[in-house]
Amino acid sequence: MANTRSAKKMVRKIARRTEVNTARRSRMRTYIRKVEEAIESGDQKAAAEALKSAQPEIMRAASKGVLHKNTSARKISRLSARVKAMG
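Note that this is a predicted model, so its numbers are computed, not measured.

(A) A look at the pattern of salt bridges. Per the counting criterion, the structure on display carries four salt bridges. Arg33 is the partner of Glu37 in a salt bridge, and the nearest nitrogen-oxygen pair spans 3.6 Å. You can see Glu37 and its partner Arg33 sitting in helix H1 (residues 5–41), four residues apart, about one turn around the helix. Look at Glu37 and you get partly exposed, because its relative accessible area is 48%. Linking Arg82 and Glu36 is a salt bridge whose minimum nitrogen-to-oxygen distance equals 3.7 Å. With Arg82 in helix H3 (residues 69–86) and Glu36 in helix H1, this pair connects stretches of sequence that are 46 residues apart. When salt bridges with common partners are traced through the structure, they connect Arg27, Glu57 and Arg60 into a single cluster.

(B) Up close: the nonpolar core. Counting residues in hydrophobic clusters, the biggest one holds 17 residues, and the most contacted among them are Met28, Val35, Ile58, Leu79 and Val83. Broken down by secondary-structure element, the contributors of at least two residues to this core are H1, helix H2 (44–63) and H3. If we ignore the near neighbours within four places in the chain, the residues touching Val83 are Val35, Ile39, Gln44, Ala47, Ala48 and Leu51.

(C) Local environment of a positive patch on the surface. Together, Arg5, Lys9, Arg12, Lys13, Arg16 and Arg17 line one region of the surface with positive charge. By secondary structure assignment, the location of Lys9 is in helix H1.

About the thresholds
Residues numbered from 1 in each chain as written. Predicted model: local features only at pLDDT ≥ 70, side-chain atom pairs only at ≥ 80, totals over all residues. Heavy atoms only, no water. Salt bridge = Lys/Arg side-chain N within 4 Å of Asp/Glu carboxyl O. Helix = DSSP H or I, 4+ residues; strand = E, 2+ residues; numbered from the N terminus. Buried < 20%, exposed > 50% of the residue type's maximum accessible area, 1.4 Å probe, protein only. Core = buried A, V, L, I, M, F, W, Y, C linked by side-chain atoms within 4.5 Å. Contact = heavy atoms within 4.5 Å. Patch = residues over 30% accessible without salt bridge, like charges linked within 9 Å, V, L, I, M, F, W, Y side chains within 5 Å. Areas by Shrake-Rupley, 256 points an atom, 1.4 Å probe, with all protein chains shown as cover. Lys, Arg positive; Asp, Glu negative; His and termini not counted. Charge placed at Lys NZ, Arg CZ, Asp CG, Glu CD.

Everything listed is a geometric property; what it means functionally is a separate question.
Written as structure tokens, this is what we have:
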């Protein structure tokens, strides 16, 4: 358990940050799931639209430190390849 004042403050800060990051990660995953569901349904137009809205969310997660930059680039690349392969 934290003993010093600074350690107690860090525990509070980490808890807040964890909550925010969890919400960001969840939001990003929701957008990714929408793209995957559109791909599964076979509707390329819907999949392309979902990808268009998911892309900024994935990049935002990377810029906020939830994901590594390369991880977000890989996710976007693989999703766009799957959407492109539908046509």
